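Each chain, letter by letter, is given below.
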Amino acid sequence: PKSGLCYISKGGTNSILIKFCREICIHVFADNNTFVIIQSQINTNGFLSVEEPQVESEYLGKMPASFRMIAVFLGDLDNSDGVGKVYYRQDSRPSMLLRTTDHINQAFPQDDEIKPTHALIITWENVAAHGVPGRGDGLDRKRNTFQLVVASMASASYAILFYPREGLQYISTPVAGQSELVHTGFIKGRVKGWFNWSSIPGPYYRIATDNETSVRQLSEETNSGRRGVWVYEIGTSPIFYSIIPGQVTNLSPEEGMAGGQMESVPEFPPRNTGEQQEIEFPPYEHEEEEETPEQELPPTVHPVMWFVFFLAVFAYNSETCASNRQKCSSFADCKDYTNGYCCQCRPGFYGNGKDCVAEGKPQRMNGKVNGRVFVGNTPSPLELSNNDLHSYVVANDGRAYVAISTIPAGLGPSLQPLSSLGGVIGWAFALEQPGYENGFSIIGGVFSRQAEVTFLPGNERLTIKQEFKGIDEHDHLVVSTELEGRLPEVPRGSTVQIDPYKEIYHNTPFSLFSSVITSSSNRDYTVSLPDGSVQTKAYQWRQTITYQSCPNDEEVRAVQSTQQLSVDQIFVMYDSGNQLIRYAMSNKIGSIHSGPPEQNPCFTGRHGCDTNAACRPGEGVQFTCECSTGFTGDGRQCYDIDECREMPEICGSHALCNNQPGTFRCECVDGFQFASDGKTCVVDRPIDHCQRGTNNCDIPERARCSYTGASAYICSCLSGFVGDGYTCRDIEECEQGRCHRDAVCYNSQGSFTCQCRPGFHGDGFQCTPEHEKTQCERDRESIQVSSNTGSFSFFRPRPAVSQYGPTCDQHGAYEPTQCHGSIGQCWCVDGNGQEIPNTRTGPGQRPLFIPPPIGPTTRPDVSPVAPGTHLLFAQSGKIEQIPLDGYSMNKGEAKALLHLPDRVAIAVAYDCVEKTVYWTDITGPSISKASLEGGDTISLVTTDLESPEGLAIDHLARLMFWTDSMKDRIEVAKLDGSQRRVLFDTDLVNPRPIVADPSYGRLYWADWNRDGPKIEMSNMDGTDRTVLVKDDLGLPNGLTYDPESQQLCWADAGTRKVQCMDPNSRNRRTIVEGIQYPFAIVSHGRNLYYTDWRREAVVAVDRTTDRETDEFLPQKRSRVYGIATTPTQCPQAYNYCSNNGGCSHLCLPRRGGFTCRCPDVVDGSCVERKL
């Protein structure tokens, strides 16, 4: 194809409709989702418009203009003196397209398939500022030459802007008697307003700002690697919504000299001083200059793709605050406007009005990560499925921390360079420099983010898509993340160091469509390999953030359209032991221009204010610390204000107040719901058909009706029956082999009983042959045999008058009180039959106290569960309760027992005496308690802890025991946290679950050391430590002890089994297999209940049938941790440590007695002894 030239004739200000034989067309994406064709116009004032421009008095000095344009060097320019000229042409010659492709590829080195089909080239040559006087011959006037190339192909369009590399001779023009800086950028013009009968200003993407330095840098800097050359992607089919700048902001080596790549144009004869001779694309390509207004080209029409902004419409509408106030944050005010309403954060808070957070308050982010990622050259991807993402940022110094869990070893090391995976929270809450705002201040917490990462030199690509869903009820920012693509492999055992970097954010605000923020940067990182060698690598980062804004707010703060995020102190690590990828970084948001760094500590982050305080700058380096809203203190130390306690009526009638750090939350009581204002609780009208008896479930003897709200209910068959809940029939359990093989089964309606056959004993589910004689029975028999005579052998033998024979209970154990009738004395014995000192009495008297029974007790055939028993389990930020109806979980009545915002409760234990729940928290870390009958939470242990993950309560001796998996030790203390003592700190690697058997003074715990997992036991005083199980274990996370059956049971996430054993006989059996990832387990009657990380559920297992029977899925799905029961009555047993056993400090039980021990920190008055 040939090129043709058109020239705009000299004159004052001219626009010309582009025509080359037939008109040049530019495609615009229209509002009705169809393509329409409009014509473009070139103006001598330095811009290209795609619609009829207004007269210059309507746009000069009044930018942004109300019509669509590309402003290359927009000002009041003059080409009327015969020197300045404007040329334009369409060119599809291979040589020109190749040169265009070269510029685009250098600006976007990661893009493939850049093959433009045609280009529109416009040259403004030697144009002067209008109204600037000279000698009269025009030769002494300052002049600028600049070019625009619009290159198009089927899928995208690009704009390339060229400025003189030896510098601009002027940067402003006179407008209305004032000097006005020229404008450069992309302008959408007026767009349809929020309603069809109005219009509002569209987006204006600025290349240079209202700053002289910024304009002069057009010829000195670049985004394409070449001085004075600026490349932008202005449309990508089929979306067409953003302006994306080139990625290469550093000059290439050959650009060391100004004009290093400039091409001299011999067709342009040199002119006098003041003219600029060199431009990139010649304005014409034929022999003679033709000054004709319109030059015909062949009749082929070559369209040029144009940029548009095509996004979802913002959620605000024409309604008023009266009906929409609840859509605003509780820390925002709603303001009505002529065309609708807007939400505005109150003083002391920041955000977009729908999401507001207190100034200076730390912020957390939680979410899930999914996707498929290839590593290196592997043909198969690694799957991510609901992996937890947690982030924490200290807002008053801009430091952000990110962690993603359950990352496999094949992927974790290769994710280390990708710190920006969660680093968007760093931008959202970056430390603000004067006059600049972080992301959350501008867009709030609801937005979409898509990022493209290209790794060099291998060209691996990864796409990151994130949906931010706002602030939840715990004040956490919620995000979902998807990863798709390939990463270069980082070998296992390697570490990664990421260099500090800067990233430019371009904001295109306030349009009918959603607003857009784009950014890009180049990241360098170093990989240190296990062999000591080092590799230096890089990747290119491009991202687009879309969000919704309120179009009605005229008072919204002016936002800098271009800002720079500075990121340093970057730390990355893959923790293979815990399968965690961790990132940390410091973030500041400020100007794109270099200048002296801010010295005020509020802007450097080195101020020493409390993490819950805002730093207020003063003069010079002066500043003050001010506690965030919801906290009180001097700013150096801040404490949470309990609004629920100080303002009891703050939530109104029929509502409950839940205090949270820095804030509070109101919830309507049962039977009430929030009205349209979001604050007032009104009567809930739905009907409970279960309570009224108007349901169609089977009869109550066979089925249960569970009310689920909103007049809905669920029918389910009772235990022992099967069906759909509407029709239930009895299960013939005896046909299923539910009883032991040495037992007889008797079926009944909804139930059955098992009875051991003669010669066996047990509960029918477990039957064993008559037991071997115990030591007591053997001692008694030996006395009887030795005193027996032949003449009286047919009588029941008895000891001689002078001999003592022990008495045994029905299980063969020594009776705790032994008497010798011949001498008329009684005494107490321990479990081995040995006399306890100082307990012998004279004739006719008995000991003053009765020691506990020693030895196992049998489980009764039927153990009815007392009403009021619940399951308690921990979830991030709260502890929930599930009522038990017999052995069935009453799911419809499950609810949160205790809200623990910003906390991660791990272990849960229950004190049946004071009806109090205890838990460990790894974020504090701490051990705390709260009464089930109400009241405050009380912190018991807050020091010298790292990761307390197991907790056990001795309700008799009033002790608590816990494990610390980071300090590798087991400790004991009083229930108030006092008198701490380390029981074990050797031969422990990862101790987690721990349980107590108060009746026999025993402790059991598990260590999930991957190289040698084990289950151990000891006395509570630390004596008789023994390994119970060490074979066929993987990750024994959960442990429980049933005092009725005397069974120790555990849940193993490695072998994926639940197993039980008798600690005395060491008989071991498997209950269920093939489970997923259990964390904790508890026993209750015939059932075991365990929490599962992968299922995010509480699962019930029947020990008698060895099968899973039920599952409870919390309303808010996340990992579930510790679990416990709340029996209404405490198990009965003898308390050796009654009245503290007479000990000065700690009374620690053991089998058959107790030991007085001293805490680790003593006052000198402690006495240790063993009784």
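Analysis parameters
- Each chain has its residues counted from 1, running along the sequence as written.
- With the structure being a predicted model, the display of local features is reserved for residues of pLDDT at least 70 and the display and counting of side-chain atom pairs for 80 or more, all residues being used for whole-chain, interface and lining totals.
- With hydrogens and water excluded, all non-hydrogen atoms of the structure serve as input to the side-chain values.
- UniProt positions are given in the numbering used here, feature names are shortened, and annotations may be inferred rather than shown by experiment.
- Under the scheme used here, helices are H or I runs from DSSP no shorter than 4 residues and strands are E runs no shorter than 2 residues, and both carry numbers assigned from the N terminus.
- Contact criterion: two residues are considered in contact whenever any of their non-hydrogen atoms come within 4.5 Å of each other.
- Methods summary: accessible areas were calculated by the Shrake-Rupley approach with a probe of 1.4 Å, and residue burial reflects only the protein chains presented.
- Strands qualify as paired when DSSP identifies two bridges or more between them.
- To obtain an axis, a line is fitted to C-alpha atoms, over the contacting stretch when the element is a helix, and the angle between two such axes runs from 0 to 180 degrees between their N-to-C directions.
- Nonpolar cores are built from buried Ala, Val, Leu, Ile, Met, Phe, Trp, Tyr and Cys residues. Side-chain atoms within 4.5 Å join them into one set.
- Classification of residues uses two cut-offs on accessible area relative to the type maximum, computed with a 1.4 Å probe and protein chains only: under 20% is buried, over 50% is exposed, and between them is partly exposed.
- Note that a disulfide, as used here, is simply two cysteine sulfur atoms within 2.5 Å.
- In the analysis that follows, any N or O atom pair within 3.5 Å is treated as a polar contact, provided that within protein one partner can donate a hydrogen and the other can accept it, and provided that, for residues neighboring in sequence, both atoms belong to side chains.

The protein goes by Nidogen 1 in an unreviewed UniProt entry, where it is assigned to Oncorhynchus mykiss. On record in UniProt, under Subcellular location (unreviewed entry), the comment for the protein is "Secreted, Extracellular space, Extracellular matrix, Basement membrane".

Asker: Tell me what's going on with the overall build of the protein, and back it up with residues and numbers.
Answerer: A tally of helices and strands in the protein yields ten helices and 86 strands. Taking the contacts inside the protein whose residues are at least 6 apart along the sequence as the reference set, 54% of them involve residues at least 24 apart. Working note: accessible area of the protein is about 51,400 Å², and carbon and sulfur atoms make up 49% of it.

Asker: So what about unusual backbone geometry? Which residues, and what values?
Answerer: Residue P457 is reached from L456 by a cis peptide bond, and omega for that bond is 10 degrees. Of note, P457 is situated in the loop between strand 32 (446-456) and strand 33 (461-471). A cis amide bond links G924 with the next residue in sequence, P925, at an omega value of -15 degrees. Inspection of the secondary structure puts P925 in the loop between strand 64 (916-921) and strand 65 (926-931). Even without being glycine, R958 reaches a positive phi, approximately 60 degrees.

Asker: An account of the sheet that holds strand 70 (residues 981-984) is requested, with residue identities and associated values reported.
Answerer: Strand order across the open sheet formed by four strands is 67-68-69-70, with antiparallel pairing between neighbours. The open sheet terminates on both sides in strands that have one partner only, identified here as strand 67 (948-954) and strand 70. The mean angle between the axes of side-by-side strands here comes to 25 degrees, regardless of whether they run parallel or antiparallel. Sheet topology note: the strand 69 (residues 969-974)/strand 70 ladder contains three bridges and is antiparallel. Residue I970 lies in a different strand from strand 70, and its bridge partner there is F984.

Asker: Go over the nonpolar core with me, naming the residues and quoting the values.
Answerer: Core analysis: the biggest nonpolar cluster contains 60 residues, and L418, W427, F429, I464 and Y583 have the highest contact counts within it. Counting residues per element, this core draws most heavily on strand 39 (residues 562-575), which supplies five residues. Once you skip the residues sitting within four places of it in the chain, I464 turns out to touch L418, L421, R449, Q450, A451, V453, T481, E482, L483 and W541.

Asker: Help me get a handle on the state of the cysteines, residues and values and all.
Answerer: All chains considered together, the criterion is met by 22 disulfides. Note on cysteine connectivity: C739 is disulfide-linked to C754, with sulfurs 1.8 Å apart. Across the S-S bond of C739 and C754 the torsion is about -75 degrees, and the bridge reads as left-handed. Here C754 lies in strand 54 (residues 751-756) and C739 lies in the loop between strand 52 (728-730) and strand 53 (743-748), a separation of 15 residues in the sequence. Across this residue pair, the class does not change: C739 and C754 are buried. The disulfide partner of C912 is C1130, and the S-S distance across this bridge is 2.1 Å. Linking C912 and C1130, the disulfide has an S-S dihedral of approximately 125 degrees and is accordingly described as right-handed. Remark: C1130 occurs in the loop between strand 83 (1120-1125) and strand 84 (1146-1150) and C912 occurs in the loop between strand 63 (905-911) and strand 64; sequence separation between them is 218 residues. Sulfur of C828: no disulfide; nearest cysteine sulfur belongs to C826 and is 9.1 Å away. For C828, a relative accessible area of 0% puts it in the buried group.

Asker: Describe the environment of R89, with residues and values.
Answerer: For R89, the location among the structural elements is in strand 11 (residues 85-91). R89 sits in the buried class, given a relative accessible area of 1%. Between the C-alpha atoms of R89 and I122, which are 33 residues apart in sequence, the distance is 6.6 Å. A polar contact is formed between the side chain of R89 and the side chain of D91, at a distance of 3.2 Å.

Asker: Now, about the sheet that holds strand 76 (residues 1047-1052): what can you tell me, with residues and values included?
Answerer: Ordered by their spatial adjacency, four strands build an open sheet running 75-76-77-78, and the pairing between neighbours is antiparallel. Bordering the open sheet on either side are strand 75 (1036-1042) and strand 78 (1068-1073), each of which pairs with just one other strand. On average, adjacent strands in this sheet sit at an angle of 20 degrees to one another, irrespective of strand direction. Two strands pair when backbone bridges link them, and strand 75 and strand 76 are joined in this way by six bridges, in the antiparallel orientation. Counted as the bridge partner of G1038 is A1051 from strand 76.

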